[in-house]
Amino acid sequence: MPAQASISRRQLLKGSPRPAEFGPRPPGVTVASLGECTRCGDCVSACPEGILGLADEGVILLPDRGECTFCGSCAEVCEASVFETDVRMSHSFAISNDCLVLAGITCMSCRDACPEVAISMQPRIGGPFLPVLHQSACTGCGACVAPCPADAIHAVRKEPADA
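Attention here is on the structure that accompanies the text.

## Looking at the overall build of the protein
Along its length, the protein carries 5 helices and 6 strands. Along the protein, helices and strands appear, N-terminal first, in the series α-α-α-β-β-α-β-α-β-β-β. In the protein, which comprises 163 residues, the proportion classed as buried is 37%. Total accessible area on the protein is roughly 9,300 Å²; 53% of this is exposed by carbon and sulfur atoms.

If you want it as structure tokens, here you go:
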């Protein structure tokens, strides 16, 4: 039987379950290095934030559980060559049209949660401020994902698919 894509409780209650288009990976993990993953789970156990999981393709980042602090614990315990020395993320985030602001509801939870100040609020006449995510400042830590009450923030690939 094929594995079923899991959906969040928020997606279920909204009636719009959709699988993630791109599965974010921990810092330093590329498409190429992911092939080395043995799925032993050592990195998952070592993560103090509890935001790593295992999928068919290997280790994945689960930003809906919290933010990555780039502590390096996952890389330290990995005996395979999964984590490279470049600790940048292979993704950033984007805010979708599911954002509550587009429905006229004032919300700044993503901006307030972002440790890099990568999300600013753009004033507009006749409605709540619009969140603007600055890709150049986004580290991909995922701090903005879990606090979003509309599940409107999703990972987007920064690297080519074969990197």
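## Structural notes on the nonpolar core
Ranked by size, the top nonpolar core spans 16 residues in total, and within it F93, I119, C144 and I153 carry the most contacts. Non-local contacts of F93, meaning those with residues more than four positions away in its chain, are made with P63, L133, Q135, C138, G140, C141, G142, V145, I153, H154, A155 and V156. The next biggest cluster of nonpolar side chains, apart from the first, holds 14 residues, and it includes C37, I51, L52 and M89.

## What to know about the pattern of salt bridges
Following the criterion strictly, the structure yields 2 salt bridges and no others. As a salt-bridge pair, R88 and D86 come within 2.7 Å of each other at their nearest N and O atoms. A residue is classified by how much of its surface remains accessible, and R88, at 59% relative accessible area, is exposed. Take D86: its relative accessible area is 37%, and that puts it in the partly exposed class. Note that R111 is salt-bridged to D112, the shortest N-O span being 2.7 Å. Here D112 falls in the exposed class, since its relative accessible area comes to 54%.

Scoring rules and cut-offs
- Residues numbered from 1 in each chain as written.
- Predicted model: local features only at pLDDT ≥ 70, side-chain atom pairs only at ≥ 80, totals over all residues.
- Heavy atoms only, no water.
- Helix = DSSP H or I, 4+ residues; strand = E, 2+ residues; numbered from the N terminus.
- Buried < 20%, exposed > 50% of the residue type's maximum accessible area, 1.4 Å probe, protein only.
- Areas by Shrake-Rupley, 256 points an atom, 1.4 Å probe, with all protein chains shown as cover.
- Core = buried A, V, L, I, M, F, W, Y, C linked by side-chain atoms within 4.5 Å.
- Contact = heavy atoms within 4.5 Å.
- Salt bridge = Lys/Arg side-chain N within 4 Å of Asp/Glu carboxyl O.

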